[in-house]
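Listed below, chain by chain, are the residues.
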Amino acid sequence: MTIDTTHAATPRDDVKDELAQLVALLPITLHDLRSAPPSPMPMREAIEGSGLGKRHAAATEPIGVSELAKRLGLLLSSTSTVVGELSRAGLVQREEDEQDHRRTLVRVHADYRAAMAEWVEAAMEPLRNTLQRLSPRARAHFMEGWGILSEEAARSASTREADGDCESA
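Throughout what follows, the structure given in this document is the object of discussion. Note that this is a predicted model, so its numbers are computed, not measured.

Describing the sheet that holds strand β1 (residues 63–64)
Judged by pairing direction, the sheet is antiparallel, and its three strands sit side by side in the order β1-β3-β2 without closing on themselves. Both outer strands of the open sheet, β1 and β2 (92–96), are each paired with one neighbouring strand and no more. By the bridge criterion, two bridges tie β1 to strand β3 (residues 104–108) in an arrangement that is antiparallel. Bridge assignment links Ile63 to a residue of β3, and that residue is Val106. Sheet strands in contact with helix α4 (residues 76–88) are β2 and β3, and its direction is about 115° off that of β2.

So, the pairing of β3
Across five bridges, β2 lies against β3 in antiparallel orientation. Of the residues in β3, the one forming a bridge with Val92 is Val108.

Re the nonpolar core
The biggest cluster of nonpolar side chains holds 14 residues, and the ones touching the most others in it are Leu86, Leu91, Val92 and Val106. Listing elements by their share of this core, those giving two or more residues are α3 (65–72), α4, β3 and α5 (113–133). Here this core gets three residues from one element, more than from any other, and that element is α4.

Looking at the packing of α3 against α4
Here α3 crosses α4 at 110°, and the two axes come no closer than 9 Å. Considering the angle they form, α3 stands roughly perpendicular to α4. Here Val65, Ser66, Leu68 and Ala69 of α3 come into contact with α4, specifically with Leu76, Thr79, Ser80 and Val83. Residues that form the contact of α3 with α4 fall into these classes: five nonpolar, three polar and no charged.

Thresholds applied
- Residues numbered from 1 in each chain as written.
- Predicted model: local features only at pLDDT ≥ 70, side-chain atom pairs only at ≥ 80, totals over all residues.
- Heavy atoms only, no water.
- Pairing = 2+ DSSP bridges.
- Helix = DSSP H or I, 4+ residues; strand = E, 2+ residues; numbered from the N terminus.
- Contact = heavy atoms within 4.5 Å.
- Axes fitted to C-alpha atoms, helices over the stretch in contact; angles between N-to-C directions.
- Core = buried A, V, L, I, M, F, W, Y, C linked by side-chain atoms within 4.5 Å.
- Buried < 20%, exposed > 50% of the residue type's maximum accessible area, 1.4 Å probe, protein only.
- Parallel < 35°, antiparallel > 145°, perpendicular 65-115°, else oblique.
- Nonpolar A, V, L, I, M, F, W, Y, C, P; charged D, E, K, R; others polar.

Now the structure itself:
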């Protein structure tokens, strides 16, 4: 999808009220979305017992490590490290892709698949419900807006990095 942002570079007073609303709503909404239901007990025990954090539980199945890195917005090296930690904790299994032997697939361990699927469904409920409540036209506008926000956030981060204004992670 191509998003026309030609008019977006100039600050405009006609968005001042909406900007104030967005600034107020965004942190609350993101906090609430991050406060997803706690991971199921067997997964929580494996994560805590291995010294991993909540961020390590965001694996889906089966998926290539490169695709997982892309979906999570992480570097391939960071994703490989996380997958290794999850594998050592017994939460995921790594296997060679039978069609492309250079590719490693990650699969949630069978012992945790049902619990993971339930957890992901519960965590996605607010997003799913929001999209379902919107008309198709409103949904398209909503998705376009989030796409633009994502592009602008990435552009801003790139500018700060280029200017040396970001702390290293």
